Amino acid sequence: MDWPLLIAQLLLLSLSLLGVGAAHPTLLAQELFRLAISLLATLAGLWLSLNTLLRSARWIWLLILGLLVLTLAIGEGPGGVHRWIAFRGLSFQPSELAKLGLILLLARGRTSWTDLLLSLSGVILVALEPDLGTAALLASLLLLLLWANGTLSWKGFLSWTAGLASLILLLIARLPYAQARLTKFWRGHVYQIVEAHRTLIQGGLLGHGWSGGMPPLPASYTDMVFAAVVYGGGLLAGGLLLAAYGFLLYRTLRIALGLRGPYRLLILGLAAYLGLQASLNLIVVFGFFPVTGIPLPLVSYGGSSLTVSGLSLGLIQRAALIQRTRFAWWSRGDSNP
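Residues numbered from 1 in each chain as written. Predicted model: local features only at pLDDT ≥ 70, side-chain atom pairs only at ≥ 80, totals over all residues. Heavy atoms only, no water.

## Quick look at the packing of aromatic side chains
Stage number 1. Within the structure shown, the criterion is met by five aromatic pairs.
Stage number 2. Geometrically, the ring pair formed by Trp-147 and Trp-154 is tilted, given 5.1 Å between the ring centres and 50 degrees between the ring planes.
Stage number 3. Trp-147 sits in the partly exposed class, given a relative accessible area of 37%.
Stage number 4. The exposure class of Trp-154 is exposed, given its relative accessible area of 54%. (Phe/Tyr/Trp six-rings, centres within 6.5 Å; stacked < 30°, edge-to-face > 60°. Buried < 20%, exposed > 50% of the residue type's maximum accessible area, 1.4 Å probe, protein only.)

Right, here's the structure in full:
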């Protein structure tokens, strides 16, 4: 395994435990179980054949589209939205898996019109849940990968960006809850962000650990978990979290630059997914963007997000392994295109 990358991942998972424990100590046992599942997903990703995944990308994406349609039909969520599929006490959020599936689909090279329409269908289905934050993230990944794989020129990239942005704005205009969030944000009356700032300040330099007494903060162990990490471990823990993300992205990009063809596109896509999602979550906590409901990868409490981000790290580890041992007998047919 790429040990520096693994150390960065383990540090983020440890900070996840700190943040969830500071925000809601009763969830520590469940969080430990979910972190273990995330690490198992990383090991699974390490042993998967990237060639097989890329060859099967369209079938994987069609399965994900089926799950998204099923989510709209029978899915559950707060306030009447449809985001989770629940079965015998377990729930899963297919939109999290869509991030990985979209990257696999578009990493194979220039995108055909069929794959482009399939990709847009996934973005639209997530937006209809409605989950505009995740839909915007998927649209961003779609545009970046279409440009990276040579399907779009710079002019095409800008045109498509304007078109998808207009579509998202149109959806916002038709959704009262989205309009309310934007209005409150522009007026500076976002209770969640104000309380997050108060929590960050009270964390101090070294934090309060799992002693409790954290200010009431909605979504303190999910969307606003960074504030909980700082409250539990202080500015020191917050700095470690930012440094771990920075190093993880640096290491991932370095691995990508050592590859060619679809492998490079795949790892660049995974780096974009982790980097964009972490950035979007953090700028919301800092108060620079309206609340989106986007989790902090590898840190927020949530089985779907932890599993998919863990699996993504496993695929990056797999690519690093191929880069180092191209002809090893246990590379299972992978090669550096």
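## Quick look at the side chain of Gln-93
Stage number 1. Position of Gln-93 relative to the elements: it lies in the loop between strand S2 (90-92) and helix H5 (94-106).
Stage number 2. Side chain to side chain, Gln-93 and Trp-84 meet in a polar contact 3.3 Å long.
Stage number 3. Residues contacting Gln-93, with those up to four places away along its chain left out, are Arg-83, Trp-84, Asp-131 and Ser-304. (Helix = DSSP H or I, 4+ residues; strand = E, 2+ residues; numbered from the N terminus. Polar contact = N/O pair within 3.5 Å; in protein donor to acceptor, adjacent residues only side chain to side chain. Contact = heavy atoms within 4.5 Å.)

## A few points about the pattern of salt bridges
Stage number 1. Inspection of every chain in the model, using the stated rule, returns five salt bridges.
Stage number 2. For Arg-251, the salt bridge is made with Asp-2, and the minimal N-O distance between the two is 3.1 Å. Pair noted here: Arg-251 is in helix H11 (residues 225-257) and Asp-2 is in the segment before helix H1 (3-23), with a separation of 249 residues, a long-range link.
Stage number 3. Judged by relative accessible area, which is 19%, Arg-251 ranks as buried. (Salt bridge = Lys/Arg side-chain N within 4 Å of Asp/Glu carboxyl O.)

## Focus on a nonpolar patch on the surface
Stage number 1. Where nonpolar side chains cluster on the molecular surface, the patch consists of Leu-205, Leu-206, Leu-235, Leu-236 and Leu-240 and spans about 530 Å² of accessible area.
Stage number 2. Following the sequence through the fold, Leu-236 ends up in helix H11. (Patch = residues over 30% accessible without salt bridge, like charges linked within 9 Å, V, L, I, M, F, W, Y side chains within 5 Å. Areas by Shrake-Rupley, 256 points an atom, 1.4 Å probe, with all protein chains shown as cover.)

## Regarding the environment of Ser-91
Stage number 1. One can find Ser-91 in strand S2.
Stage number 2. Considering only alpha carbons, one finds Ser-91 and Gly-302, 211 residues apart in sequence, at a separation of 10.0 Å.
Stage number 3. Setting aside its immediate chain neighbours within four residues, Ser-91 contacts Trp-84, Ile-85, Ala-86 and Ser-304.

## Topic: the side chain of Ser-305
Stage number 1. You can see Ser-305 is positioned in helix H13 (residues 303-324).
Stage number 2. Setting aside residues up to four positions removed in sequence, Ser-305 forms contacts with Glu-96, Gln-277, Pro-295 and Pro-297.

## Here's the deal with unusual backbone geometry
Stage number 1. Between Glu-129 and the following residue, Pro-130, the backbone shows a cis peptide bond with an omega angle of -5 degrees.
Stage number 2. Looking at the element boundaries, Pro-130 is found in the loop between helix H6 (113-127) and helix H7 (132-148).
Stage number 3. Phi at Ala-219 is positive, roughly 55 degrees, even though this residue is not glycine.
Stage number 4. One non-glycine residue, Leu-298, lies in positive phi territory at about 70 degrees.
Stage number 5. For Leu-298, the location among the structural elements is in the loop between helix H12 (261-285) and H13.

## Structural notes on the packing of H5 against H13
Helix-helix packing: each pair is described by the crossing angle between the helix axes and the interaxial distance.
Stage number 1. Where H5 contacts H13, the two axes come as close as 8 Å, and the packing angle between them is 20 degrees. Here H13 runs roughly parallel to H5, going by the angle between their axes. Like other packed secondary-structure pairs, H5 and H13 cross with a definite hand, here right-handed. From H5, Glu-96, Leu-97 and Leu-100 reach across to H13, where they touch Ser-304, Ser-305, Val-308, Leu-311, Ser-312 and Leu-315.
Stage number 2. Looking at the contact of H5 with H13 residue by residue, the class counts come to five nonpolar, three polar and one charged. (Axes fitted to C-alpha atoms, helices over the stretch in contact; angles between N-to-C directions. Parallel < 35°, antiparallel > 145°, perpendicular 65-115°, else oblique. Left-handed = near helix turned anticlockwise from the far one by under 90°. Nonpolar A, V, L, I, M, F, W, Y, C, P; charged D, E, K, R; others polar.)

## Quick word on the environment of Pro-176
Stage number 1. With respect to the secondary-structure elements, Pro-176 resides in helix H9 (residues 176-187).
Stage number 2. In the structure, Pro-176 is positioned 120 residues away from Leu-296 in sequence and 25 Å away in space, judged by C-alpha atoms.

## Quick look at the packing of helix H2 (residues 28-47) against H13
Stage number 1. Two elements in contact, H2 and H13, have axes whose closest approach is 6 Å; the angle formed by their N-to-C orientations is 30 degrees. Between H2 and H13, the crossing angle belongs to the class labelled roughly parallel. Considering how the two elements wind past one another, H2 and H13 form a crossing that is right-handed. Mapping the contact onto sequence places Glu-31, Arg-34, Leu-35, Ile-37, Ser-38, Ala-41, Thr-42, Gly-45, Leu-46 and Trp-47 in H2 and Gly-303, Leu-306, Thr-307, Gly-310, Leu-311, Leu-313, Gly-314, Leu-315, Gln-317, Arg-318 and Leu-321 in H13.
Stage number 2. In terms of residue class, the contact of H2 with H13 is built from 10 nonpolar, eight polar and three charged.

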